[in-house]
Amino acid sequence: VRQQWQQMVDKPSVTADGSKYKIAANIGSSVDISSAMENGADGVGLFRTEFLYMKSDHLPTEDEQFNAYRKAVEQLKGKRLVVRTLDIGGDKPLRFMPLPKEMNPFLGYRAIRIALDRPEMFRTQLRALLRASEFGKISIMFPMITTLEELQAAKKIYYEEQQKLAVDHPEIGKDIRLGIMIEVPLAALNAERLAAEVDFFSIGTNDLIQYCFAADRGNDSVSYLYQPLNPTFLKLIKHIIDSGHAHNTTVEMCGEMAGDRYSLPLLIGMGLDVYSMSASSILRTRSMMRQLDRKKCQELYQEAITTCDSMPAVKNLVQHWLVEN
Ligand code: PEP
Ligand code: MG
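Scoring rules and cut-offs
- Residues numbered from 1 in each chain as written.
- Chains lettered and ligands numbered in written order.
- Predicted model: local features only at pLDDT ≥ 70, side-chain atom pairs only at ≥ 80, totals over all residues.
- Axes fitted to C-alpha atoms, helices over the stretch in contact; angles between N-to-C directions.
- Helix = DSSP H or I, 4+ residues; strand = E, 2+ residues; numbered from the N terminus.
- Parallel < 35°, antiparallel > 145°, perpendicular 65-115°, else oblique.
- Left-handed = near helix turned anticlockwise from the far one by under 90°.
- Contact = placed C-beta atoms within 7 Å.
- Nonpolar A, V, L, I, M, F, W, Y, C, P; charged D, E, K, R; others polar.
- Near = placed C-beta within 6 Å.
- Core = buried A, V, L, I, M, F, W, Y, C linked by C-beta atoms within 7 Å.
- Buried ≥ 20, exposed ≤ 12 C-beta atoms within 10 Å, placed from the backbone.

**What to know about the packing of helix α6 (residues 119-132) against helix α7 (residues 148-166)**
Moving on, step 1. Look at α6 against α7: their axes get within 9 Å of each other, and the N-to-C directions meet at 55°. It follows that α6 is oblique to α7 by the angle criterion. Crossing of α6 over α7 shows right-handed handedness. Contacts from P119, F122, R123, L126, R127 and L130 in α6 reach I157, Y158, E161, Q162 and L165 in α7.
Moving on, step 2. When its residues are assigned to classes, the contact of α6 with α7 shows 7 nonpolar, 1 polar and 3 charged.

**Considering the site of ligand 1**
Moving on, step 1. Residues in contact with ligand 1, as listed here, are L46, R48, D87, E183, G204, T205, N206, D207, C254 and G255.
Moving on, step 2. For the shell around ligand 1, the secondary-structure elements that each account for two or more residues are β2 (43-48) and α10 (205-212).
Moving on, step 3. Top element by residues in the shell around ligand 1 is α10. It accounts for 3 residues.
Moving on, step 4. Class assignment of the residues belonging to the shell around ligand 1 gives a composition of 2 nonpolar, 4 polar and 4 charged.

**Let's talk about the nonpolar core**
One recurring pattern in soluble globular proteins is that nonpolar side chains are buried together.
Moving on, step 1. Of all hydrophobic cores here, the largest spans 93 residues; its most connected members are V44, I180, I182 and F201.
Moving on, step 2. Here the element with the most residues in this core is α6; it accounts for 6 residues.

Given below as structure tokens:
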């Protein structure tokens, strides 16, 4: 099977009927890019920049970050790099900036909440990214956006930094696409309004599931509530995708669900555009994608949400469908 997958390295990410998609890699540092490329990634759909901060004993400077982003995007040779601005807090501590101990870190001071509270750190990262965008195709996305006001505040800061740099480099940032993670239920519900503000969404199912089911993603005692195939959850994903498309906003997914074999036909049926996953899942996913028919996937999704009441029921339906198709 491995050998069969290996043949997929240079093949396009299309379904059997010729519908085009992108299968990208999730990475934690530029070191991971060679493995992403070896596995035939169509780009990087999630660069988790917090590791840059977590492994450092000081706040990474603008130049240190610029070098890291430039190196990453150059290695991609024209393919797209989606960089997520820092997503610290929660389960991700920093050595140089102790954060207050919290009763519920996943519901606390993290990600865009910290960025907007300490804008200097955020501005430094945005400047580094703007500068690196002169060396390749960069997209920027904000994590943990909950409200429209947060998104507007983050965009305002971004455009301020762009304007400052544009004094000397008038074209800077012109090709950057701006997006947000959809990983908080309120943002998912408000996707239609948020879509008008951004070029793309990236659905973070790891957190979105955790918050929808009110079940800590790292707690084994409640892991039975990790249910990407729950029909109610599937309808929420469909709502996000439809809302994005209503505004010409590309809809991507970078949570674990994007690389899950039972989810794939459903996600294709729902119209998801970009699938970002660990490098090791790319060839398997592409191989499977190339055997699927989009129209049949749409029918499968409809059947799942009209006839199934639970995750096991959906899984059973997809399992049988895969055998027959
Ligand atoms: C997610 O929440 O689905 C996601 C991709 O981000 P992380 O796993 O880094 O929180
Ligand atoms: Mg997340």
